[in-house]
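# Architecture at a glance
Residues per chain are reported as follows:
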Amino acid sequence: MTREGTLDWLRRYESRNVTWLPQDEGWPIVWERARGMRVRDAAGKSYLDFTAAFGVAGAGHAPPEVVRAGQLQMETLLHAMGDVHPHAGKARLARQLSRLTFERWECGEGKTVFCNSGFEAVEAAMKSACQLTGRDRIVVFRDAYHGLGYGALVATDRDHFRGRFGAQVGNFAHPIDFPERREEFAESAEALGAALATGQFGGVLTEPIQGRGGMKVPPLGFLALLREQCDRYGAALILDEIYTGFGRTGNWFACDHEAVVPDFLCVGKALTGGFPLSACVGKQQAMDAAWPPSEGEAIHTSTFLGHPVGCAMALAQLELLERDRLPERSASQGDYFRRLLHKTFAPARERVRVRGRGLMIGVECRDPSGGPETRRVGSLVRSLLSEGYIVLPDGEFGNVIGLTPPLVVTREEIEAFTAVLGRLYFEGGDQ
Ligand SMILES: Cc1ncc(COP(=O)(O)O)c(C=O)c1O
């Protein structure tokens, strides 16, 4: 099928709010194949994917080991019965997630609730925190993104997503500012303490680095502050590592940078490398205190819970991340990438801010008066696409170029990309 044919059918048969289909020759491209860093479109043109497709292709697109594991699983058992008659893969993956999280953190074992999309893992974690504490409310952060289900939407702070549903979604979340600078700590700590002191809050939910909010990195010490306040007021700490997890920030999890252990950890995206499977992993005591043993009908479950193909792929993906030491690679490639970006944008340092950790990087563009350069970033993203690089705009104003390539990205690819980005930016002049 040609690109035009695909777009035409989408225009006719898909809800018009899903795929953005401007009357434009270049956007979107139609993906046909993807391997490693490379994506090929329906016209046969090749691209380097600097998004890892929303961070999913952590070990690159379609690693052969992961594909084979999925294929083998499909041939033997395509579907089982989530919370009723299980399959071995679900047990193996729950064991492996425990090993990579609470056991590695030397905090006993972990227990998992499997889910499908990322937002469901967040909802499972919020339910767990409230069940655990017997309290109804959750502290969340401004500009956070936790997904768009009716539950997660309470914690996702962007009017674009929530505005239309404001009258319907619950109001059990209390937002406070996400600190970007150490000076903002005191204020966040005070707001957090004041909220928690009311005794209404069962949990504090945050992304360790705000991804879709614009790759915002809080100063080191932020997670420790949350941990300390949660302990003081008896609330659960929920870390949404759906984006930051599995090596993205140069460690297995972003909370490893501060040696902070959450009560509940949400994971998804790169867990399987390409199958919709997510999980809420909780500290064993917290999970057991939150949920009673099943008496036949689970209180929280779904048809596809712990899907066999997703579990098989996740087991292969985790093995690959570990075998090829991809979290370490993310740290070194990320440092190199940021150094190069800093150097490239040094002449525009008043207007371009490069930030990130590991291979989770944002390039924020501002105009001379400090306003967000949304149009410039939009046109850079399109120009990069026509030059063969896939990137996305991030942040509330879409003025941050989000860079989250597969962790297998090479230095040559980073150099070539940065040279093109720099050329396009400076060619654009003073917009
Ligand atoms: C931090 C974070 N949490 C949750 C989600 C929602 O995941 P999903 O789109 O799989 O529901 C995302 C998606 O980008 C995310 O970045």
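Everything quoted here is computed from the prediction, not taken from an experiment.

Among the secondary structure elements, Asp157 is positioned in the loop between strand S5 (137-141) and helix H6 (159-162). Leave out the neighbours within four places in its chain, and Asp157 touches Phe141, Arg142, Asp143, Ala144 and Arg162.

Quick look at the site of the ligand now. Taken together, Ser117, Gly118, Phe119, Tyr145, His146, Gly147, Glu207, Arg212, Asp240, Ile242, Tyr243 and Lys269 are the residues near the ligand. In this structure, an oxygen atom belonging to the ligand sits 2.9 Å away from a main-chain N or O atom of Phe119. A distance of 2.6 Å separates a nitrogen atom of the ligand from a polar side-chain atom of Asp240. Relative to its free-state accessible area of 390 Å², the ligand is covered by the protein chains to the extent of 84%. Partitioning the shell around the ligand into residue classes produces 4 nonpolar, 4 polar and 4 charged.

Another aspect to go through is the pairing of strand S10 (residues 278-283). Counting buried positions over the 6 residues of S10 gives 5, a clear majority of the element. Bridging between strand S4 (residues 110-115) and S10 involves 6 bridges; their strand directions are antiparallel. Across the sheet, the residue bridging to Gly110 is Lys283, located in S10.

All right, on to the pattern of salt bridges then. Throughout the structure, instances matching the rule amount to 28 salt bridges. The partner of Glu65 in a salt bridge is Arg323, with the nearest N and O atoms 3.2 Å apart. Separated by 258 residues along the polypeptide, Glu65 in helix H3 (residues 64-76) and Arg323 in helix H10 (residues 308-323) bring together distant segments of the chain. With a closest N to O distance of 3.9 Å, Arg353 and Glu364 form a salt bridge. Of the two residues, Arg353 is situated in strand S11 (residues 352-357) and Glu364 in strand S12 (residues 360-365); the sequence distance between them amounts to 11 residues. Residue classification places Arg353 among the partly exposed residues on the basis of a relative accessible area of 41%. When salt bridges with common partners are traced through the structure, they connect Glu180, Arg353, Arg355, Glu364 and Arg366 into a single cluster.

Turning next to helix H13 (residues 411-427). For H13, built from 17 residues, the straight-helix expectation of 24 Å at 1.5 Å per residue is met to within 8% by its first-to-last C-alpha distance of 24 Å. The set of residues buried in H13 consists of Glu413, Ile414, Phe417, Thr418, Val420, Leu421, Gly422, Leu424 and Tyr425.

Its domain assignment divides the protein chain into domain 1 (3-59 + 325-427) and domain 2 (66-323). Measuring from the centre of the C-alpha atoms in domain 1 to the corresponding centre in domain 2 gives 26 Å. Listed by partner, the interface residues are 30 residues for domain 1 and 32 residues for domain 2. When domain 1 packs against domain 2, close to 2,400 Å² is buried across both sides, 59% of that on carbon and sulfur atoms. Of all residues in domain 1, Pro327, Arg357 and Met360 bury the most surface against domain 2, accounting for 32% of the area lost on that side. One salt bridge connects Glu180 with Arg353, and the closest N-O pair in it is separated by 3.8 Å. Run the count over domain 1 and domain 2 and you get 15 residue pairs in polar contact (both at pLDDT 80 or more). Listed by contribution, the elements that provide at least two residues to the side of domain 1 that touches domain 2 are helix H2 (52-55), helix H11 (326-344), S11, S12 and strand S15 (400-403).

All chains considered together, the criterion is met by 18 aromatic pairs. Between Phe50 and Tyr389, the aromatic rings sit 6.0 Å apart at their centres with planes inclined by 65°, giving edge-to-face as the arrangement. Remark: Tyr389 occurs in strand S13 (residues 389-390) and Phe50 occurs in the loop between strand S3 (46-49) and H2; sequence separation between them is 339 residues. On the basis of relative accessibility, which here comes to 0%, the residue Phe50 falls in the buried class. Geometrically, the ring pair formed by Tyr389 and Phe417 is edge-to-face, given 5.4 Å between the ring centres and 75° between the ring planes. Separated by 28 residues along the polypeptide, Tyr389 in strand S13 and Phe417 in helix H13 bring together distant segments of the chain. The buried category is assigned to Phe417, whose relative accessible area is 0%. Ring pairing ties together the aromatic residues Phe50, Phe337, Tyr389 and Phe417, which thus form one cluster. For the cation-ring pair, Arg182 lies above Phe185, with the distance from its terminal atom to the ring centre recorded as 5.1 Å. Here Arg212 stacks its cationic end above the ring of Tyr145, 4.5 Å away from the centre of that ring.

What counts as what
- Residues numbered from 1 in each chain as written.
- Predicted model: local features only at pLDDT ≥ 70, side-chain atom pairs only at ≥ 80, totals over all residues.
- Heavy atoms only, no water.
- Helix = DSSP H or I, 4+ residues; strand = E, 2+ residues; numbered from the N terminus.
- Contact = heavy atoms within 4.5 Å.
- Near = heavy atom within 4 Å.
- Polar contact = N/O pair within 3.5 Å; in protein donor to acceptor, adjacent residues only side chain to side chain.
- Areas by Shrake-Rupley, 256 points an atom, 1.4 Å probe, with all protein chains shown as cover.
- Nonpolar A, V, L, I, M, F, W, Y, C, P; charged D, E, K, R; others polar.
- Buried < 20%, exposed > 50% of the residue type's maximum accessible area, 1.4 Å probe, protein only.
- Pairing = 2+ DSSP bridges.
- Salt bridge = Lys/Arg side-chain N within 4 Å of Asp/Glu carboxyl O.
- Expected span 1.5 Å × (residues − 1).
- Domains from an automatic or database assignment.
- Buried area = accessible area lost by both parts, 1.4 Å probe.
- Phe/Tyr/Trp six-rings, centres within 6.5 Å; stacked < 30°, edge-to-face > 60°.
- Lys NZ or Arg CZ within 6 Å of the ring centre and 35° of its normal.

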